Amino acid sequence: MTVGASDQSLHQMTLAELGDGLRAGDFSALELTTALLDRIAAHGEALNAFITVTADEAMRAAEAADAARSNGNAGPLNGLPVVHKDLFCTAGVKTSCGSRMLDNFVSPYDATVVAKLRQAGAVSLGKTNMDEFAMGSSNETSYYGPVKNPWDHEYSPGGSSGGSAAAVAARLVPGATGTDTGGSIRQPASLTGTVGLKPTYGRVSRYGMVAFASSLDQAGVITRSAADAALLLGVMAGFDERDSTSVDHPVPDYVVGLDQPLEGLRVGIVRQHFDEGLEEQCGARVREALALLEEQGASLVEVDLPNLDLSVPTYYVVAPAECSSNLSRFDGVRFGHRASDPDDLLDLYCRSRGEGFGDEVQRRVMTGTYVLSAGYYDAYYLKAQKVRQLISQDFKNAFASVDVIAGPTAPTPAFRLGEKTDDPITMYLNDIYTIGANLAGLPGISVPCGFSADLPVGLQLVGPHFAEQTILRCAHQYQTLTDWHCRCPEAYQ
Amino acid sequence: MSLTKEQVQHIAILARLKLADEQFDDVVAKLSTIVEFVDQLQSAPTDDVVPMAHPLDQAQRLRDDTVTASNERDRLQQNAPAVEAGYYLVPRVIE
């Protein structure tokens, strides 16, 4: 195949298809990288999906990948393009975390996820836009401005991994890393018609991820197919001694079991997921998806998550508490933004942080400071950790009778930019269906399952700890029967 | 429970945040909304519930106390706003 002929279609191909093409010699990594960099140059700015595009580094990495292939040293992802959420540290490349605080920060080292993907041969094209310090559900808290939803530029792509989701949805790149603390991979995947996988807590190393809420944060991926998510997870997962909460648990081959049919799979349906609050069309699409799983031999079983309503308030104590602690490292002294002409050390701290952090980050730091402060710790933080135990127990009880829990990823399709910025609680409630998996440390995936008007809707599958294979297989089987994940926004064909 | 202006001023000092005067009322209002929202937790029955410390009930892993990294001070200080002779510069703290 000549480059000219393949150029038209390379951006529409999945990682698995591109891997086949590279191995067959249909095109080179350099040709593929050039084609996608051209697309990023053409569309990246209008979408505001990128904070940094690393074109020169990408070309060099692509050349190295081609050389490795001709030397017989091709890694499992050799020559495949990816992008990283700008929360993963990348040696020698700006790592801003969407914040003015880190606008001048060039990481001295690579995150484990970044290093592992590079060692497998993946070519990084750049760093994607995100809500500041991953605190947001719409990408509107970014210091670099909101990302646009490729399905309609008036709408939010969700957040906080909104740049990664928009880049994949617009076919600028076939796969992207993201992080998920309360839904930050799955919710933007749902709102952009992409696949978003959040693994089990501890499955993927957090080393080199700028910390937000350490007991909830987990790295994952946004792709177009579940099979591609399985491919990337296989490379990213595994024990890392540099992350004290990394789990030493064997990494299976996530791709190999995908073809196993759904016969006998027990799918839990949560009654509370379909209560008021779920937009009607979203509910209809999810019900259709469930019916399809049942047709394929899965059995639908009703399960109860009685404390679901408490998951958002629990999260908004635990996450801000951990964030106030983690973000105390930004002091204007060792790295990051520093206020000019401070009167004294206290003024240096307070003004550097006041200027460096945006409104939402400041709100969360203060909420966290309050719930951890003398006299309030027991009433808020300790209480929330107890309710978190109840929520976790609800999932354990449910998984005694089912293999996965299926339901909506988000209560609504994408919302308009600016629609929810004045009301933090309305924004927070967007994560009602996703937060539980973070509180309990469970793996979850969002898969496109149709449209509400012209905007994508996501189906969420949550599994027990380390059941990534089950949710990936269920998602993959669903995708062999549907083509929602192949739909592409008209402007990005 | 809504928060008073004095409480928010105290929290801001604890959090080492200088709030702009024009944003102050908005911060008080929004933080109050958030605190009222999380107050729903108070009604949850949690007697005898053990607070959750880790999603996988893992204990903190320890490692041997051995030197594993080399001194990279110069490289790491490239991100520092102000350094001199290997030290971070801050405003005078001792008169």
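For every chain, the first residue of its written sequence is number 1, and the numbers climb from 1 along that sequence. Here every chain gets a letter starting at A, and every ligand a number starting at 1, in the order they are written. Where totals are concerned, whole chains, interfaces and linings use all residues; where local detail is concerned, this predicted model gives features only for residues with pLDDT of at least 70, and gives and counts side-chain atom pairs only at 80 or more. Side-chain metrics rest on all non-hydrogen atoms present in the structure, leaving aside hydrogens and water.

Asks: Tell me about the overall build of chain A, residues and numbers included.
Replies: Counting from the N terminus, the helices are the DSSP runs of H or I reaching at least four residues and the strands are the DSSP runs of E reaching at least two. Helix and strand counts for chain A stand at 16 helices and 11 strands. A compact globule built from 493 residues would reach a C-alpha radius of gyration of about 23 Å, and chain A, at 21 Å, matches this within 12%. The buried share of chain A, taken over its 493 residues, is 66%. Contact criterion: two residues are considered in contact whenever any of their non-hydrogen atoms come within 4.5 Å of each other. In chain A, the proportion of contacts linking residues at least 24 apart, taken out of those at least 6 apart, comes to 76%. Here, Shrake-Rupley sampling with a 1.4 Å probe gives the accessible areas, and only protein chains in the shown set may cover a residue. Here chain A displays about 15,700 Å² of accessible surface, and carbon together with sulfur accounts for 48% of that area. Counting rule applied: Lys, Arg positive; Asp, Glu negative; His and chain ends not counted. Just so you know, the charge point we use is NZ for Lys, CZ for Arg, CG for Asp and CD for Glu. Chain A carries 37 positive and 59 negative side-chain charges, and their two centres are separated by 4 Å. Radius of gyration here is computed from C-alpha atoms only, and the compact-globule reference equals 2.2 Å multiplied by the residue count raised to the power 0.38. When a residue's accessible area, from a 1.4 Å probe over protein chains only, is under 20% of the maximum for its type it is buried; when over 50% it is exposed; and in between it is partly exposed.

Asks: Give a description of the overall build of chain B that names residues and reports values.
Replies: Within chain B, the regular secondary structure consists of 3 helices and 2 strands. What you see in chain B, going N to C, is helices and strands ordered as α-α-α-β-β. In summary, chain B has a C-alpha radius of gyration of 22 Å against a globular reference of 12 Å for 95 residues, an excess of more than 25%. Along the three orthogonal principal directions, the C-alpha set of chain B runs to about 55 × 45 × 25 Å. When burial is assessed residue by residue, chain B has 34% of its 95 residues classed as buried. Taking the intrachain contacts of chain B between residues at least 6 apart in sequence as the baseline, contacts between residues at least 24 apart amount to 31%. Accessible surface for chain B amounts to roughly 6,800 Å². Of this, 51% is attributable to carbon and sulfur atoms. Considering chain B, the positive charge centre built from 9 side chains and the negative charge centre built from 16 side chains are found 9 Å apart.

Asks: Hey, could you go over the nonpolar core for me, with residue numbers and the actual values?
Replies: Across soluble globular proteins, nonpolar side chains show a tendency to be buried alongside one another. Residue and element names in this part refer to chain A. Within the largest apolar cluster, 157 residues are counted, with the highest numbers of intra-cluster contacts made by Phe133 and Ile445. Setting aside residues no more than four positions away along its own chain, Phe133 makes contact with Cys97, Ser99, Met101, Leu102, Val210, Phe212, Leu327, Phe330, Phe357 and Val361. Buried Ala, Val, Leu, Ile, Met, Phe, Trp, Tyr and Cys residues that are joined via side-chain atoms within 4.5 Å together make up what is termed a nonpolar core. One finds Leu191, Ala414, Phe415 and Leu455 within the second-largest nonpolar core, a separate group that totals 7 residues.

Asks: Give a detailed account of the interface of chain B and chain A, specifying residues and quantitative values.
Replies: On the side of chain A, 72 residues touch chain B, which itself brings 48 residues to the contact. When two parts are brought into contact, each loses some accessible area as probed by a 1.4 Å sphere; the total of that loss over both is the buried area. Between chain B and chain A, a total of about 5,200 Å² is buried, with carbon and sulfur atoms accounting for 67% of that surface. Area buried by chain B at its contact with chain A is led by Leu41, Met52 and Asn79 of chain B, which between them contribute 14% of it. What makes a salt bridge here is a side-chain nitrogen of Lys or Arg within 4 Å of a carboxyl oxygen of Asp or Glu, nothing more. Between chain B and chain A we count 0 salt bridges in total. Think of a polar contact as two N or O atoms within 3.5 Å of one another; within protein, one of them needs to be a possible hydrogen donor and the other a possible acceptor, and neighboring residues in sequence only count if both atoms come from side chains. Inspection of the chain B/chain A interface yields 16 residue pairs in polar contact (both at pLDDT 80 or more). At the level of secondary structure, the elements contributing two or more residues to the side of chain B that touches chain A comprise α1 (5-14), α2 (24-38) and α3 (73-76) of chain B. In terms of residue count, α2 of chain B provides more of the side of chain B that touches chain A than any other element does, 8 residues in total.

Asks: Could you give an account of the pattern of salt bridges, naming the residues involved and the relevant values?
Replies: Taken as a whole and judged by the stated rule, the model has 21 salt bridges over all chains. Taking the shortest distance from any N to any O, the salt bridge between Arg285 of chain A and Glu288 of chain A comes out at 3.0 Å. Highlighted residues: Arg285 of chain A and Glu288 of chain A, both in helix α9 (residues 280-295), separated by 3 residues, approximately one helical turn. Of the residues examined, Arg285 of chain A reaches a relative accessible area of 14% and is grouped as buried. Taking relative accessible area as the criterion, Glu288 of chain A reaches 42% and is therefore assigned partly exposed. Between Asp25 of chain B and Lys5 of chain B there is a salt bridge, with its nearest N and O atoms 3.2 Å apart. Pair noted here: Asp25 of chain B is in helix α2 and Lys5 of chain B is in helix α1, with a separation of 20 residues, a long-range link. In this structure Asp25 of chain B comes out as partly exposed when scored by relative accessible area, which is 49%.

Asks: Summarise the environment of His84 of chain A; cite the residues concerned and give the values.
Replies: All names here are of chain A. Relative to the helices and strands, His84 resides in strand β2 (residues 81-85). Once the C-alpha coordinates of His84 and Ser124 are considered, the two residues, 40 residues apart in sequence, prove to be 7.3 Å apart. Residues within four places of His84 in sequence aside, it is in contact with Val114, Leu117, Ser124, Gly126, Lys127, Thr128 and Thr177. Looking at His84, its side chain comes within polar contact range of the side chain of Thr177, at 3.1 Å.

Asks: Explain a nonpolar patch on the surface residue by residue, including any values.
Replies: Residue and element names in this part refer to chain B. There is a patch of nonpolar side chains on the surface, built from Val90, Val93 and Ile94 and spanning about 290 Å² of accessible area. With respect to the helices and strands, the residue Ile94 is situated in the segment after β2 (87-88). Judged by its relative accessible area of 66%, Ile94 falls in the exposed class. Exposure above 30% relative accessible area and the lack of any salt bridge qualify a residue for a patch; like charges then connect within 9 Å, and the nonpolar side chains Val, Leu, Ile, Met, Phe, Trp and Tyr within 5 Å.

Asks: Pulling in residues and values, what's your account of α9 of chain A?
Replies: Residues and elements named next belong to chain A. Between its first and last C-alpha, α9 extends 23 Å over 16 residues, near the 22 Å set by a 1.5 Å rise per residue. Residues of α9 that are buried include every one of Cys282, Gly283, Arg285, Val286, Ala289, Leu290 and Leu293, and no others. Seen end-on, α9 carries its buried residues on one side only, within an arc spanning 165°. Facing away from the buried side of α9, by more than 90 degrees, are the exposed residues Glu280 and Glu295. In this structure Glu279 caps α9, since a side-chain oxygen of it lies 3.3 Å from the backbone nitrogen of Gln281. Immediately downstream of α9, the backbone of Gly297 shows phi near 105°, a positive value. One less than the number of residues in a helix, times 1.5 Å, gives the span that helix is expected to have. Here the arc refers to the directions that run from the helix axis out to each C-beta atom.

Asks: Outline the side chain of Thr46 of chain B, listing residues and values.
Replies: Turning to its location among the elements, Thr46 of chain B is positioned in the loop between α2 and α3. Polar side-chain contacts of Thr46 of chain B include one of 2.8 Å to the side chain of Lys383 of chain A. Residues contacting Thr46 of chain B, with those up to four places away along its chain left out, are Lys383, Lys386, Val387 and Leu390 of chain A.

Asks: Outline the side chain of Glu140 of chain A, listing residues and values.
Replies: All names here are of chain A. In this structure, Glu140 sits in the loop between β3 (123-128) and α6 (162-169). It is Lys420 that comes nearest to the buried, bridge-free Glu140 among opposite-charge side chains, at 9.0 Å. Polar contacts involving the side chain of Glu140 include one to the main-chain amide nitrogen of Gly418, which spans 2.5 Å. Excluding residues within four positions of it along the chain, Glu140 makes contact with Asp131, Pro146, Phe415, Leu417, Gly418, Thr421 and Met427.

Asks: Lay out the packing of aromatic side chains with the relevant residues and their values.
Replies: Residues and elements named next belong to chain A. Between the rings of Phe, Tyr and Trp (Trp by its six-membered ring), a pair exists once the centres lie within 6.5 Å; its type follows the angle of the planes, with under 30 degrees stacked, over 60 edge-to-face, and the other angles tilted. For the structure shown, the criterion picks out 16 aromatic pairs over all chains. Between Phe330 and Phe335 the ring centres are 5.8 Å apart and the planes differ by 80°, which places this aromatic pair in the edge-to-face class. The same class applies to Phe330 as to Phe335, namely buried. With a centroid separation of 4.5 Å and an interplanar angle of 35°, the aromatic rings of Tyr370 and Tyr376 are classed as tilted. Overall, Tyr370 belongs to the buried group, its relative accessible area being 3%. Taken together, Phe105, Phe133, Phe330, Phe335 and Phe357 form an aromatic cluster joined through their ring pairs. Criterion for a charge above a ring: Arg CZ or Lys NZ at most 6 Å from the ring centre, at most 35 degrees from the ring normal. We note Lys420 situated over the ring of Phe415; from NZ or CZ to the ring centre the distance is 4.3 Å.

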